[in-house]
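Letter by letter, the chains look like this.
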Amino acid sequence: MEQNTNKENLRKLLDFLQSHILSNPSNHWFAKDLYKILAPISDARISDIHEQCIEAILKEQATEFYKDFVIPEIRPQLISDFIKMEHWRRRNNIREFGLAAFQQIEGIINRLSLNNTLDEVSRNMMNAPCYIEDNNIPNVINRKSNSTYTISQLLFIDQDKIITKSHRILSEHWIIDKFKVINYFICHKACLTNHQFNQFVNENSLFGEIYALRNLNHRGNELTENDKERLKNFKANPSRAFLTITSFLCWFVDSINQGYPLSNELIEFSKTESFQMKKPSIDLKILGKIEIKEYDKKRVK
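Definitions and limits used
- Residues numbered from 1 in each chain as written.
- Predicted model: local features only at pLDDT ≥ 70, side-chain atom pairs only at ≥ 80, totals over all residues.
- Heavy atoms only, no water.
- Helix = DSSP H or I, 4+ residues; strand = E, 2+ residues; numbered from the N terminus.
- Buried < 20%, exposed > 50% of the residue type's maximum accessible area, 1.4 Å probe, protein only.
- Contact = heavy atoms within 4.5 Å.
- Areas by Shrake-Rupley, 256 points an atom, 1.4 Å probe, with all protein chains shown as cover.
- Salt bridge = Lys/Arg side-chain N within 4 Å of Asp/Glu carboxyl O.
- pLDDT = per-residue confidence, 0-100.
- 1 Å grid on protein atoms, 1.4 Å probe; cavity = no way out; pocket = protein on both sides within 12 Å on 5 of 7 lines; lining within 4 Å.
- Points joined across faces, edges and corners; volume = space filled by probe spheres on them.
- Nonpolar A, V, L, I, M, F, W, Y, C, P; charged D, E, K, R; others polar.
- Patch = residues over 30% accessible without salt bridge, like charges linked within 9 Å, V, L, I, M, F, W, Y side chains within 5 Å.
- Axes fitted to C-alpha atoms, helices over the stretch in contact; angles between N-to-C directions.
- Parallel < 35°, antiparallel > 145°, perpendicular 65-115°, else oblique.
- Left-handed = near helix turned anticlockwise from the far one by under 90°.

Glancing now at the overall build of the chain. On a plain count of helices and strands, the chain comes out with 13 helices and zero strands. Along its sequence from the N terminus, the chain presents helices and strands in the succession α-α-α-α-α-α-α-α-α-α-α-α-α. Across the 301 residues of the chain, 37% fall into the buried class. Residue pairs in contact within the chain that sit at least 24 positions apart in sequence constitute 67% of those at least 6 positions apart. Accessible area for the chain stands at about 19500 Å²; split by element, carbon and sulfur atoms hold 53% of it.

Let us look at the pattern of salt bridges. In the structure shown here, the tally under the stated rule is 11 salt bridges. With its nearest N and O atoms 2.8 Å apart, the salt bridge here joins Arg89 to Glu86. Highlighted residues: Arg89 and Glu86, both in helix H3 (residues 75-90), separated by three residues, approximately one helical turn. Between Asp119 and Arg123 there is a salt bridge, with the nearest N and O atoms lying 2.9 Å from each other. Here Asp119 pairs with Arg123, and both are found in helix H5 (residues 116-124), just four residues apart, close to one helical turn. Residue Asp119 is classed as buried on the basis of its relative accessible area of 10%. Taking the relative accessible area as the measure of exposure, Arg123 reaches 27% and is therefore partly exposed.

Another aspect to go through is the environment of Phe82. Structurally, Phe82 is set in helix H3. Not counting chain neighbours up to four residues away, the residues in contact with Phe82 comprise Gln61, Ala62, Phe65, Tyr66, Gln104 and Leu249.

This part covers the confidence of the model for the chain. On average, the chain scores 85 in pLDDT, and the residues at 70 or more come to 84%. When the elements of the chain are averaged for pLDDT, helix H2 (residues 28-65) gives the smallest value, 77, and helix H8 (residues 175-187) the largest, 98. Across residues 278-301, where pLDDT falls below 50, the model places six contacts with residues more than four positions away in sequence or in other chains.

The subject of this paragraph is the layout of surface pockets. A volume near 480 Å³ is recorded for the largest pocket. Ile157, Trp174, Ile176, Lys180 and Arg230 are the residues nearest the centre of the largest pocket, which is lined by 24 residues in total. Of all the elements in the fold, those that place two or more residues in the lining of the largest pocket are helix H6 (151-155), H8, helix H9 (197-218) and helix H10 (225-230). Sort the elements by how many residues they give to the lining of the largest pocket and H9 lands first, with eight residues. Grouping the constituent residues of the lining of the largest pocket by class yields 10 nonpolar, seven polar and seven charged.

Okay, a nonpolar patch on the surface next. Taken together, the side chains of Leu10, Leu13 and Phe16 define a hydrophobic patch exposed on the protein surface, amounting to about 290 Å² of accessible area. Along the chain, Leu10 turns up in helix H1 (residues 2-21).

Moving on to the packing of helix H4 (residues 94-113) against H9. Put simply, H4 and H9 touch, their axes get as near as 8 Å, and they point 120 degrees apart. Considered as vectors, H4 and H9 are oriented oblique to each other. Considering only the axes of H4 and H9, their crossing is left-handed. Every residue of H9 that contacts H4 at Ile94, Arg95, Glu96, Gly98, Leu99, Phe102, Ile105 and Ile109 is listed here: Phe207, Ile210, Tyr211, Leu213, Arg214, Leu216, Asn217 and His218. For the contact of H4 with H9, the per-class residue count stands at 10 nonpolar, three polar and three charged.

Given below as structure tokens:
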């Protein structure tokens, strides 16, 4: 009852102000001072409502973006990171935006790296020719037989570490090497033609740039020379960087959806013995007879 009475009194106050005070030109000073008191409260409330509406829209967009993603277990985290990414886009913060984008890609990569089938297929095929014949219909079996350029040479540029990396379990690789393996075997379905070489390299390079942007947050200004080189494009045009990273994320998610799980054809083909990775063997060769003097024979017994 008391609450209704207060509300009625406040309405009467509003009516009085409007009819007797605010309508009088000589009281304009009062109207201005009253607005100064009320405006901040009103603006803050409007801003709060506006922010809540935007956050609701971002959640809807993120949910829609990942609704059909092929790894449902990590979908909630991806949605959360997507919302965070768009939050920083609105604040024009490319560093935090890049970090949130990287976290989505990293989450997908790390989950895929634990897949035993992908690990086995990729390690089995490291000695296989990396290109297929450039026909109208890509076929994983139709390798480019006259090419000596192998998958391991394509993925791991450092020649001194190719053998070591080729035998390494996928989950133990450096994040950029993990990405290259996933890019080749899932995004490109192990069906890369030599005409797609530049495209493949550009995809790997762009992931490296996003990784460098992530390092800008984690390491502050203490970046490696490689990271500094990778960040040149983003620093040259930060506004365009938002679109570049978003496009890359869209491509990556779509490619994972299309290439995972691995096809049965690829799995069976990876078991072909002709190019499976073999453990290096050590052959002992006797180059000549070793004479042991009589007084040394006791030492070798």
